[in-house]
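Survey of secondary and tertiary structure
Residues per chain are reported as follows:
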Amino acid sequence: MEHTMGIKSENASKVADQLNIFLADEFLLYTKTKNAHWNSEGRDFYEKHKFYELQFEELDKIMDDLAERIRTLGHYAPATLKRFLQLTHLSETTEYMKDSMGFVRALLEDHESIIIHFRENIGRFANEFEDQGTSDFIIGILERHEKITWMLREQLK
């Protein structure tokens with residue numbers, strides 16, 4: 001059965017393709033956040049361990065929301081590491097992730113990069129693809145990333 005919901009089939013496909021990229025970015029960021037959670041050390045270990053735990057839990061919710069939005073549009077979410085690495089615009093490199101502040105800097109850069117990509121697509125979803133629902137949906141996720149970015153930035157002071 002074709003999903004109509006007032007969105008042209010070809011537009012829903014293009015939106016789903018972009019959401020797949022967002023999902024891949026979220027998955028890579030989730031993995032890097034888990035790395036920070038597992039491998040932080042030093043005097044602030046416990047605080048950072050808990051700090052990253054809250055972040056990866058939020059990223060897990062974001063990933064689930066994105067995958068469900070993709071399914072709502074009648075498409076399938078990617079679900080393999082290989083496919084995520086093919087789709088993501090983030091780097092798997094963790095060269096900065098050697099100490100507590102290195103983890104913070106690396107994760108902050110990735111969150112900011114995701115925010116920029118979201119901002120670049122909000123208008124496209126609403127105007128080019130005539131999908132205001134996904135545009136609004138992405139604004140909500142963008143706000144969640146902005147909050148995490150604020151928390152990460154505060155760690156660097």
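Relevant structure appears above.
Now for a quick tour of the structure. Model, not experiment: these values are computed from the prediction.

Turning our eyes to something else, we now look at unusual backbone geometry. Look at glutamate 130: it is not a glycine, yet its phi comes out positive at around 55 degrees. Assignment of secondary structure puts glutamate 130 in the loop between helix 4 (100-128) and helix 5 (132-155).

The subject of this paragraph is the environment of glutamine 86. Positionally, glutamine 86 belongs in helix 3 (residues 81-87). As for glutamine 86 and glutamate 112, which are separated by 26 residues in sequence, their C-alpha atoms are 20 Å apart. Only 3.1 Å separates the side chain of glutamine 86 from the side chain of arginine 83, close enough to count as a polar contact.

So, on to the nonpolar core. Residues Leu19, Leu66 and Ile138 are the most contacted members of the largest nonpolar core, which totals 41 residues. Going through the elements one at a time, helix 1 (9-39), helix 2 (45-72), helix 3, helix 4 and helix 5 are the ones with two or more residues in this core. The element contributing the most residues to this core is helix 1, with eleven residues. When sequence neighbours within four positions are dropped, the list of residues in contact with leucine 66 reads Leu19, Phe22, Leu23, Glu26, Phe137, Ile138 and Ile141.

The next point concerns helix 4. Helix length check: helix 4, at 29 residues, gives a terminal C-alpha distance of 42 Å against a target of 42 Å (1.5 Å per residue), a fit within 8%. The largest bend in helix 4 is about 30 degrees, located at asparagine 121. Phi for glutamate 130, located one or two positions after helix 4, is positive at around 55 degrees.

Turning to the packing of aromatic side chains, a few remarks are in order. Summed over all chains, the structure comprises eight aromatic pairs. Centre to centre, the rings of phenylalanine 22 and phenylalanine 125 are 6.3 Å apart; their planes meet at 90 degrees, and the pair counts as edge-to-face. Residue phenylalanine 22 is found in helix 1, and its partner phenylalanine 125 is found in helix 4; the two are separated by 103 residues along the sequence.

Cut-offs used in this document
- Residues numbered from 1 in each chain as written.
- Predicted model: local features only at pLDDT ≥ 70, side-chain atom pairs only at ≥ 80, totals over all residues.
- Heavy atoms only, no water.
- Helix = DSSP H or I, 4+ residues; strand = E, 2+ residues; numbered from the N terminus.
- Polar contact = N/O pair within 3.5 Å; in protein donor to acceptor, adjacent residues only side chain to side chain.
- Core = buried A, V, L, I, M, F, W, Y, C linked by side-chain atoms within 4.5 Å.
- Buried < 20%, exposed > 50% of the residue type's maximum accessible area, 1.4 Å probe, protein only.
- Contact = heavy atoms within 4.5 Å.
- Expected span 1.5 Å × (residues − 1).
- Bend = angle between axes of the 7 residues up to and from the residue.
- Phe/Tyr/Trp six-rings, centres within 6.5 Å; stacked < 30°, edge-to-face > 60°.

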